[in-house]
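What the coordinates show
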Amino acid sequence: MSITLSLAMSMRRMLKTNNLVRRMHACETMGAVTVICTDKTGTLTQNRMHVQELVRYDALPAHDFAEIVAANSTAFLDASGAVIGNPTEGALLEWMRSQGEDYEPLRSEAKIVDRLTFSTERKYMATIIESGVSGRRIVCVKGAPEIVRAMCAPDGKDAQVAEQLAGFQGRAMRTLAVAWAETAEDDCLRAVAASQLHFSGVAAISDPVREDVPDAVRRCLNAGIDVKIVTGDTPATAREIARQIGLWDDARDNDRNHMTGTEFAAMSDDELLGRVQELKIMSRARPLDKQRLVRLLQQCGEVVAVTGDGTNDAPALNFANVGLSMGSGTSVAKDASDITLLDDSFASIATAVMWGRSLYRNIQRFVLFQLTINFAAIVICFVGAVFGTDMPLTVVQILWVNIIMDTFAAMAMASLPPNPEVMLEKPRPRDEFIITPGMAHTLFICGGIMVAVLLGMLFWWTITEGGLTVRQLTLFFSTFVFLQFWNMFNAKGFETRHSVFTCLRGCREFFLILLAIAAGQVLIVEFGGEVFRTEPLAWREWAAVIGCTSLLAIGGEAVRALRRKR
């Protein structure tokens with residue numbers, strides 16, 4: 001129950017950082033991620049496509065060229081000029097409008113005979129139209145330049161086109177080729193196969209890197225997480241984007257760190273197992289390549305998070321340890337994912353990792369706090385029974401302690417804000433035992449101190465006064481509870497690099513819960529009577545109980561301060 005409460009509270013708070021958690025376990029799993037396979041467009045870049053330059057290679061009149069572009073697309077521009085549909089197609093329509101061509105009448109006057117939609121396998125789109133400009137039946141094609149170029153008739157411009165494409169891609173621009181041909185066919189596949197296409201032009205489309213991405217990538221790398229770009233773009237474009245975000249270094253990285261989808265598909269699993277961990281970029285990748293990459297990384301012992309926004313990404317999203325869909329993605333991708341990034345940004349992935357690691361640390365703190373109470377309570381009740389003293393804690397008192405131990409403690413620890421310090425550590429092994437040596441050390445020291453103090457009180461009163469009065473048992477009960485109260489600070493300070501008393505920002509809920517515990521204990525003692533086996537205490541007694549038990553937190557803080565100075 002307590003772990004579920006912690007996960008549920010983290011889900012709610014992660015929503016404020018643009019992470020919509022769809023499956024509760026993903027909150028914690030993100031903290032163990034060792035590899036992130038990310039898309040480029042929209043995740044690393046702003047997804048704001050703009051045609052920087054369009055180079056023509058044939059003598060087709062501008063109006064005819066505009067018709068080919070307009071008819072062979074499905075995007076729209078609304079009244080405000082915003083793109084509805086594919087951003088790349090929208091960029092072409094915006095370019096047409098800037099050239100004085102209105103795509104709407106051109107599209108409406110062209111009769112569509114057949115259409116072949118774009119797919120990541122084919123990497124091109126084709127439409128057969130009855131032209132409203134020339135009256136001819138034309139097959140219009142647009143897609144990846146190397147694919148479209150291979151379908152075109154020789155024109156002696158291979159060197160010129162290659163040089164132009166290399167220049168565009170070296171500036172991290174997406175390139176899109178446009179081609180056409182007259183045809184008598186009424187089926188796009190047959191028309192493309194039978195026609196000698198005319199290579200008409202190449203559009204260079206810019207999509208700037210998001211401003212917060214380089215810092216987010218650096219945070220992930222410092223946290224021991226490998227970042228791999230899996231994109232359908234060309235090798236040169238992918239490398240330039242990787243260079244801009246700080247993932248690729250020409251002096252350090254080489255061909256072993258970069259692979260195309262074709263090369264990846266041609267290699268066997270055994271060959272790839274020795275290379276996938278070194279891989280930083282996969283260009284011209286297809287969705288099935290992404291799923292296979294995830295599977296191979298998992299075979300290498302990696303915990304993999306993968307991003308995707310299309311229907312074809314669903315298998316990879318479902319196969320990964322954590323699937324991250326885009327807020328602008330398809331419903332199929334979202335249903336297959338564990339977390340949806342509402343702002344589509346890689347920076348939100350880095351934030352989710354920080355949340356996951358912080359959540360796991362908070363669960364460890366809760367376990368540490370709970371085991372310390374259990375250890376002290378079990379030893380005290382057992383020793384008290386063996387030596388024949390009165391039952392030191394009644395059933396009703398233990399129920400109150402149990403509320404503190406479970407519900408209040410879980411809420412308090414889950415309410416702690418994520419700590420950026422966790423991004424300075426390496427990912428934890430997934431099979432790591434949740435109780436670390438440091439936790440066990442703290443547990444037995446703090447628990448031992450509590451047991452020594454509480455048993456000392458019981459035996460001192462028993463030896464000196466021959467028995468225990470209700471007032472003495474009330475003092476014992478209050479001392480026990482306030483030892484747990486102050487021990488919550490020790491649990492909060494576990495594995496931190498700062499003082500628990502100075503870090504108040506974002507911890508309002510934690511201190512409110514502590515206040516509720518203290519107020520509840522005072523009310524129980526003052527008004528519990530026979531139900532709780534208590535009687536009211538004087539203010540001096542309260543001061544003594546609270547002051548003496550606070551030494552547990554003060555001592556713990558002093559020990560942690562000494563460790564930090566080492």
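Description of the structure in this document. All chains use their own residue numbering, which begins from 1 and follows the written sequence. Local features in a predicted model are, by the rule used here, given only for residues with pLDDT of at least 70; side-chain atom pairs are given and counted only at 80 or more, and totals for whole chains, interfaces and linings are based on all residues. Side-chain numbers here rest on the full set of heavy atoms in the structure, without hydrogens or water.

Comments concerning the overall build of the chain
Here a strand is any run of E in DSSP of at least two residues, a helix any run of H or I of at least four, and the numbering for each starts at the N terminus. Summing up its helical and strand segments, the chain has 23 helices and 16 strands in all. The C-alpha atoms of the chain give 33 Å as radius of gyration, which overshoots the globular expectation for 566 residues (24 Å, by more than 25%). Taking the principal axes of the C-alpha coordinates as reference, the chain spans close to 110 × 50 × 35 Å. A 1.4 Å probe rolled over the protein chains alone gives each residue an accessible area, and that area as a share of the maximum for its type sets the label: buried under 20%, exposed over 50%, partly exposed in between. For the chain, buried positions account for 53% of its 566 residues. Any two residues whose heavy atoms approach within 4.5 Å are treated as being in contact. Restricting the contact set of the chain to residue pairs at least 6 apart, pairs at least 24 apart contribute 71%. For the accessible areas, the method is Shrake-Rupley and the probe is 1.4 Å, while residue cover comes only from the protein chains on display. Within the structure as shown, the chain displays about 24400 Å² of accessible surface, and the carbon and sulfur contribution to it stands at 59%. The convention is simple: Lys and Arg are positive, Asp and Glu are negative, and His and the chain ends are not counted. All charge positions are set by atom: Lys at NZ, Arg at CZ, Asp at CG, Glu at CD. For the chain, the separation between the mean place of its 56 positive charges and that of its 62 negative charges on side chains is 5 Å. Our radius of gyration looks at C-alpha atoms and nothing else; its globule reference is 2.2 Å times the residue count to the power 0.38.

Observations concerning helix H13 (residues 287–299)
Take the residue count of a helix, subtract one, and multiply by 1.5 Å to get its expected span. Compared with an ideal rise of 1.5 Å per residue, which puts 13 residues at 18 Å, H13 spans 19 Å between its outermost C-alpha atoms and is within 8% of the ideal. Considered for burial, the residues of H13 that qualify are Pro287, Asp289, Lys290, Arg292, Leu293, Val294, Leu296 and Leu297. In the stretch just after H13, Gly301 is the one whose phi turns positive, near 90°.

Observations concerning the sheet that holds strand E2 (residues 35–38)
Paired through their backbone hydrogen bonds, the strands of a sheet run either parallel or antiparallel. Strand order across the open sheet formed by eight strands is E1-E16-E15-E14-E2-E11-E13-E12, with mixed pairing between neighbours. Strands with a single pairing partner mark the edges of an open sheet, and in this sheet they are strand E1 (19–21) and strand E12 (258–260). Along the sheet, successive strands turn relative to each other by an average axial angle of 20°, direction set aside. Orientation is described by lines fitted to C-alpha atoms, with helices fitted over the stretch in contact, and by angles between N-to-C directions that extend from 0 to 180 degrees. Most of the contacts of helix H10 (residues 235–244) go to strand E13 (residues 281–283), to which it runs at about 150°, and overall it touches strand E11 (226–230), E12 and E13. Strands are labelled as partners when DSSP assigns at least two bridges between them.

Focus on unusual backbone geometry
For residues other than glycine, phi is negative in most cases, and the peptide bonds are mostly trans. Even without being glycine, Ala172 reaches a positive phi, approximately 65°. Within the secondary structure, Ala172 sits in the loop between helix H7 (158–170) and strand E9 (174–182). Owing to a relative accessible area of 8%, Ala172 belongs among the buried residues under this scheme. Not every positive phi belongs to a glycine, and Asp344 is a case in point at roughly 65°. Mapped onto the elements, Asp344 comes out in the loop between strand E16 (339–341) and helix H16 (346–386).

Overview of the nonpolar core
Nonpolar cores were defined as sets of buried Ala, Val, Leu, Ile, Met, Phe, Trp, Tyr and Cys residues, with membership established by side-chain atoms within 4.5 Å. Counting residues in each nonpolar core, the largest one holds 103 residues, and the members touching the most others are Met30, Ile36, Phe346, Phe480, Met488 and Phe510. With 19 residues, H16 is the single largest residue contributor to this core. Once you skip the residues sitting within four places of it in the chain, Met488 turns out to touch Phe369, Ala409, Ala412, Met413, Phe510, Leu514 and Ile517. Formed by 27 residues, the second largest nonpolar core is a distinct cluster that contains Leu60, Leu93, Ala110 and Cys140.

Brief notes about the side chain of Thr34
Residue position: Thr34 is located in the loop between helix H2 (26–29) and E2. N or O atoms within 3.5 Å of each other form a polar contact, as long as, within protein, one can give a hydrogen and the other can take it, and as long as residues adjacent in sequence are counted only when both atoms are side-chain atoms. Side-chain polar atoms of Thr34 contact the side chain of Glu302, separated by 2.6 Å. Apart from the residues lying within four places of it in its own chain, the contact partners of Thr34 are Gly224, Ile225, Asp226, Glu302, Val303 and Pro427.

Quick look at the packing of helix H1 (residues 2–14) against H16
Running from amino to carboxyl end, H1 crosses H16 at an angle of 150°, the nearest separation of the two axes being 11 Å. By the criterion of interaxial angle, the relationship of H1 to H16 is roughly antiparallel. The interaxial crossing formed by H1 with H16 has right-handed handedness. Facing H1, whose interface residues are Ser2, Ile3, Ser6, Leu7, Ser10, Arg13 and Met14, H16 presents Ala352, Trp355, Leu359, Ile363 and Phe366. Residue classes follow a fixed rule: Ala, Val, Leu, Ile, Met, Phe, Trp, Tyr, Cys and Pro count as nonpolar, while Asp, Glu, Lys and Arg count as charged, and any other residue, Gly among them, counts as polar. Among the residues forming the contact of H1 with H16, the class breakdown is eight nonpolar, three polar and one charged. In this scheme, roughly parallel covers angles under 35 degrees and roughly antiparallel covers those over 145, while 65 to 115 is roughly perpendicular and the rest are oblique. Two helices cross in a left-handed way if the nearer one is turned anticlockwise from the farther one by less than a right angle. They cross in a right-handed way if the turn is clockwise.

Side note on the packing of aromatic side chains
A pair of Phe, Tyr and Trp rings is counted when the ring centres sit within 6.5 Å of each other, with Trp represented by its six-membered ring. The angle between the planes then sorts it: under 30 degrees is stacked, over 60 is edge-to-face, the rest tilted. In total, this model carries 12 aromatic pairs according to the counting rule given. Pairing Phe485 with Phe489 gives two aromatic rings, centres 6.4 Å apart and planes at 65°, and the pair type is edge-to-face. Here the residue Phe485 and the residue Phe489 both occupy positions in helix H19 (residues 470–492), the gap between them amounting to four residues, near one helical turn. Taking the relative accessible area as the measure of exposure, Phe485 reaches 11% and is therefore buried. Plain terms: the ring middles of Trp486 and Phe489 are 5.6 Å apart, the flat faces sit at 25° to each other, and that makes the pair stacked. Taken together, the positions of Trp486 and Phe489, both in helix H19 and three residues apart, correspond to about one turn of that helix. The class for Trp486 is buried, based on a relative accessible area of 15%.

Concerning the pattern of salt bridges
For salt bridges, the criterion is a side-chain nitrogen of Lys or Arg within 4 Å of an Asp or Glu carboxyl oxygen. Inspection of every chain in the model, using the stated rule, returns 30 salt bridges. Between Arg284 and Glu146 there is a salt bridge, with its nearest N and O atoms 2.4 Å apart. Of this pair, Arg284 sits in the loop between E13 and H13 while Glu146 is found in helix H6 (residues 145–150), placing the two residues 138 residues apart along the sequence. Of the residues examined, Glu146 reaches a relative accessible area of 37% and is grouped as partly exposed. The closest approach of N and O atoms between Glu541 and Arg471, which form a salt bridge, is 2.7 Å. Of the two residues, Glu541 sits in helix H22 (residues 539–549) while Arg471 sits in helix H19, which places them 70 residues apart along the sequence. One network of salt bridges, with partners in common, ties together Asp249, Arg252, Asp253 and Lys280.

Description of the state of the cysteines
Disulfide assignment relies on a single distance test, namely cysteine sulfur atoms paired within 2.5 Å. A complete count under the given rule lists zero disulfides for this structure. Free cysteine Cys300: the closest other cysteine sulfur is in Cys37, separated by 11 Å. The thiol of Cys381 is not disulfide-bonded; the next cysteine sulfur, from Cys446, is found 19 Å away. Cys381 sits in the buried class, given a relative accessible area of 19%.

Some thoughts on the environment of Ile128
By the element assignment, Ile128 lies in strand E7 (residues 124–130). When its relative accessible area of 0% is taken as the criterion, Ile128 is described as buried. For the pair Ile128 and Ala203, spaced 75 residues apart in sequence, the C-alpha separation works out to 21 Å.

As for the side chain of Arg428
For Arg428, the location among the structural elements is in the loop between helix H17 (395–414) and helix H18 (437–465). If we skip the residues at most four places from it in the chain, Arg428 touches Glu28, Ala32 and Tyr360.

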